[in-house]
Amino acid sequence: MKLMTWREMPIATAVPWPGCSRQLITGTWRSQRPVLDPEKCTHCLLCWLFCPDLCIPLSGEERLETDLNYCKGCGICAAECPYDAITMRPEAEFTASHLEEVLQ
Amino acid sequence: MTQALSLRIAAMTGNRVVAEAMRQVNPDLVAAYPITPQTEAVEYFAQMVADGRVLTEFIPVESEHSSMSACIGAAVSGARAMTTTSSQGLALMWEMLYIASSLRLPIVMYVGNRALNSPLNIHCDHTDSMGARDAGWIQIYSEDCQELYHNIIMAVPIAERALLPVMICADGFTLTHTMERVELLPDEVVRQFVGEGDLHTFPYPLLDLDHPVMLGPNALPDYLTEHRYSLHVAVEAAPEIVRQVEEEFAALTGRTYGSLEAYRLEDADYGAVVLGSSVTNLKAAVDSLREEGFKVGVLKLRLFRPFPAQEVAQALAPLKGVAVFDRADSMDGAGGPLYKDICTALFDLPRRPFLHDFIYSLGGRDLFVEDATRALERIRALVEKREGRQAVSEYLQVRE
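Here's what I pulled together on the structure shown here. (Residues numbered from 1 in each chain as written. Chains lettered and ligands numbered in written order. Predicted model: local features only at pLDDT ≥ 70, side-chain atom pairs only at ≥ 80, totals over all residues. Heavy atoms only, no water.)

**Brief notes about helix α12 (residues 337-346) of chain B**
What sets the pattern is the α-helix's 3.6 residues per turn: residues three or four places apart point alike. Burial of α12(B) is extensive: 7 of the 10 residues sit out of reach of the surface. Those residues of α12(B) lying buried are Pro337(B), Leu338(B), Tyr339(B), Asp341(B), Ile342(B), Ala345(B) and Leu346(B). (Buried < 20%, exposed > 50% of the residue type's maximum accessible area, 1.4 Å probe, protein only. Helix = DSSP H or I, 4+ residues; strand = E, 2+ residues; numbered from the N terminus.)

Below, the structure is given as structure tokens:
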């Protein structure tokens, strides 16, 4: 992402672009990744309810894969899941390809 | 133009004259908390609001942290906001002071200078506002009630053009509670000078509902440097804005102040530098020493932030020695705050005057002409090596 110069920045570092927080990919902060076991998941949606970053998208009444662009790996979903369907795994176990993708 | 103005002559204290100036400015919001010695300014103004003499929304907040927060909230919404404080109240505002300047909000604040606790002292020194000298606020010190009145009025366009908050300082009790003859401008002249408040003076007002904006966002290592640099540039540009506003004010009223005033310095050998009401005492000392043939003068510094280093250097360069009068001690073993700034201003001169710092009149102790005279005689003795010194800074009136 190209960074603005001080002249390009709005005065007082105002942010006059509503919704621009979507452009800030905070998933890069994550050191633990929630991995869902679809066999165990009953779509009770407690994970969706508890996720503090709204990272669990829904399709109808079923949850989809965690949105890794914004998931910071807090582990609340895994702790709350009554069916042990979510496991926290070290981020290092995954290839860097996803990060590279989102950083572009 | 000056002739045409119908001035109202009144006897008013500093606090009263500030309330009068605020009434004439008619800001959208005043949020203030009473604290000695500024209390009466809030009381007078609150009475004016209650009596319907001014349209301002007045918020009697529960603390100074809240008064500055309310002013910030109003200013980011696009309102013209003013407040007043002193001493502990200013200290309680601390974190909000930096937010006001960083958000580039044109808030005008009257500060009745007073010592900081402990022990409890309600009288004047500059420890309170000196602590805020790096907060990104413009600071202007007033010599008398007339100047204080004019400073409050001029602060409004200065703040709004520079997009920086302005602190107008006045010595506690010496000005805040001392009745002087003041010439008041007609209301419509003040209103015209400060103009109508404009929602878009601050370019991203929250009340511009068609253009939603976020203020005070995260700015991490990738952006904070650019943010601070932008403020740095604004502060550098501020003295020229102060000069322009003063020029316009002079055209309207015939009153000229300037960032600083050199009094009898043109042929002087020695000089003093001082802020606030003590300028008058120094002028009296200079006049009496001049009669004895001692060629001395005084530099009155009015604009303290941003510091007019070049003008200070120009005014002091020809002198043999300069006594710096600091009404606060930095408590760092390296001299008072004004002393250090004067050092900075003079450092690049090919030939510098000798400097010595006098910490004086803490907690409201009077500065007698004899005290000022003693300091000017001591600076001469130091330059002539008839006396020595143990440090760059000494207390002028301490009992040993």
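**Here we look at the interface of chain A and chain B**
For an interface, size is often stated in terms of accessible area lost upon the parts coming together. Of the residues lining the interface, 14 residues belong to chain A; the matching set on chain B comes to 19 residues. For the pairing of chain A and chain B, the buried interface totals around 1500 Å² over both sides, and the portion due to carbon and sulfur atoms is 76%. Interface area lost by chain A to chain B is led by Trp6(A), Ile11(A) and Ala12(A), which between them contribute 41%. Seen at the junction of chain A and chain B, the total is 0 salt bridges. Linking chain A with chain B are 3 residue pairs in polar contact (both at pLDDT 80 or more). (Contact = heavy atoms within 4.5 Å. Buried area = accessible area lost by both parts, 1.4 Å probe. Salt bridge = Lys/Arg side-chain N within 4 Å of Asp/Glu carboxyl O. Polar contact = N/O pair within 3.5 Å; in protein donor to acceptor, adjacent residues only side chain to side chain.)

**Focus on the sheet that holds strand β9 (residues 260-263) of chain B**
Residues and elements named next belong to chain B. The strand order across the open sheet formed by 6 strands is β9-β11-β10-β13-β14-β15, and the pairing between neighbours is mixed. Lying at the two open borders of the sheet, with one neighbouring strand each, are β9 and β15 (393-395). Each neighbouring strand pair of the sheet contributes to a mean axis angle of 20°, computed without reference to strand direction. Bridge analysis of strand β13 (residues 321-326) against strand β14 (residues 354-359) gives 6 bridges, and the strand direction is parallel. Bridging across to β14, Asp326 finds its partner in Ile359. Together, β9, β10 (270-275), β11 (296-301) and β13 form the strand contacts of helix α10 (residues 278-291), whose direction differs from that of β11 by roughly 165°. Docked against the sheet, α12 engages β10, β11, β13 and β14, running at close to 145° with respect to β13. (Pairing = 2+ DSSP bridges. Axes fitted to C-alpha atoms, helices over the stretch in contact; angles between N-to-C directions.)

**Description of the pairing of β13(B)**
Residues and elements named next belong to chain B. Taken across its 6 residues, β13 has 6 buried, putting it largely inside the fold. Along β13, one buried face is formed by Gly321, Ala323 and Phe325 and the opposite face, lined by Val322, Val324 and Asp326, is buried too. Across 4 bridges, the pairing between β10 and β13 is parallel. Paired with Ala272 across the two strands is Ala323, which belongs to β13. As a crossover connection, the stretch from β13 through α12 into β14 is right-handed. (Right-handed = clockwise from strand over helix to strand, strands pointing away.)

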